[in-house]
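# Working through the structure, step by step
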Amino acid sequence: MPEYQQTYDSKRVITTGAGSMRFLNRLVVPLTKLGLGLLGSRVLSVRGRKSGEWRSTPVSLIVLEGQRYLVAPRGHTQWVRNLRATPEARLQLGRTTETFRAEEIPDADKTEVLRRYVKLWSMELKTFFDGDVTKNSPDEVLHHIAPGVPVFAIHPA
């Protein structure tokens, strides 16, 4: 079994990122709100589980066999916890905002979605996975990281 730099469990949260990722997020949100989604980027709005106020963050929408998914490469972050508490949320691209219902995917069923994510976003893998994952990682690696990378299926509200 390979040696991993991170622990991939239900407590995994990456709160810091490379300066380039912070810059990219500041760029992606306004572009997405203008309707220019970068590789499927959207602005996700979820209700705060304590405040009830809407909170927004950029996310990557993954499409696999016609089903849409949200992947949380930073782990069990605030938006993930909020979406678990209130699974109805919104995705925005330009002037179009869609309301949806999220369903969390069990770890055993994440492999193909994670594979699609790492191939699509291979340029940011080191930021979130410290070299533990590559675009050519075998199924065993994707199974290992699955508990630390929440995935949600998107369904019409």
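These numbers come from a predicted model, not from an experiment.

## Brief notes about helix H3 (residues 111-120)
Since there are 3.6 residues in each turn of an α-helix, residues three or four apart along the chain are aligned in direction. Of the residues making up H3, those classed as buried are Thr111, Val113, Leu114, Arg115, Tyr117 and Val118. The secondary structure elements touched by the buried residues of H3 are strand E2 (54-64), strand E3 (67-71), helix H4 (125-129), helix H5 (139-145) and strand E6 (151-156).

## Some points on the sheet that holds E6
Each strand in a sheet pairs with another by means of backbone hydrogen bonds, the pair being arranged parallel or else antiparallel. Taken in spatial order, the six strands line up as E1-E2-E3-E6-E5-E4 and close into a barrel, and their pairing is antiparallel. Each neighbouring strand pair of the sheet contributes to a mean axis angle of 45 degrees, computed without reference to strand direction.

## Examining the pairing of E3
Sheet topology places E2 next to E3; four bridges connect them, and they run antiparallel. Within E3, the position partnered with Val63 by the bridge is Arg68. Counting the residues between successive antiparallel strands, the hairpin from E2 to E3 contains two residues, one of them, Glu65, with a positive phi of roughly 50 degrees. Pairing analysis gives four bridges linking E3 to E6, with the strands arranged antiparallel. Bridge pairing links Val71 to Val151 in E6.

## Section: the nonpolar core
Counting residues in hydrophobic clusters, the biggest one holds 22 residues, and the most contacted among them are Val71, Leu114, Tyr117, Phe129 and Ile145. Going through the elements one at a time, E3, H3, H4, H5 and E6 are the ones with two or more residues in this core. It is H3 that contributes the most residues to this core, four residues altogether. Setting aside residues up to four positions removed in sequence, Tyr117 forms contacts with Ser60, Ile62, Val71, Pro73, Glu124, Phe128 and Phe129. One finds Leu61, Ala72, Leu83 and Ile154 within the second-largest nonpolar core, a separate group that totals 15 residues.

Each value, and the rule that gives it
- The residue count restarts for each chain, going from 1 along the sequence in the order it is written.
- With the structure being a predicted model, the display of local features is reserved for residues of pLDDT at least 70 and the display and counting of side-chain atom pairs for 80 or more, all residues being used for whole-chain, interface and lining totals.
- Values shown for side chains rest on all heavy atoms present in the structure; no hydrogens or waters enter the calculation.
- Relative accessibility under 20% of the residue-type maximum defines a buried residue, over 50% an exposed one, and the middle range a partly exposed one, all with a 1.4 Å probe and only protein chains included.
- Strands here mean DSSP runs of E at least two residues long; helices mean DSSP runs of H or I at least four residues long; both are numbered from the N terminus.
- In what follows, a contact means two residues having at least one pair of non-hydrogen atoms within 4.5 Å.
- Pairing between strands requires that DSSP locate at least two bridges from one strand to the other.
- Lines fitted to the C-alpha atoms define the axes, with helices restricted to the stretch that makes contact. Angles between their N-to-C directions range from 0 to 180 degrees.
- The term nonpolar core refers to a set of buried residues drawn from Ala, Val, Leu, Ile, Met, Phe, Trp, Tyr and Cys, joined through side-chain atoms within 4.5 Å.

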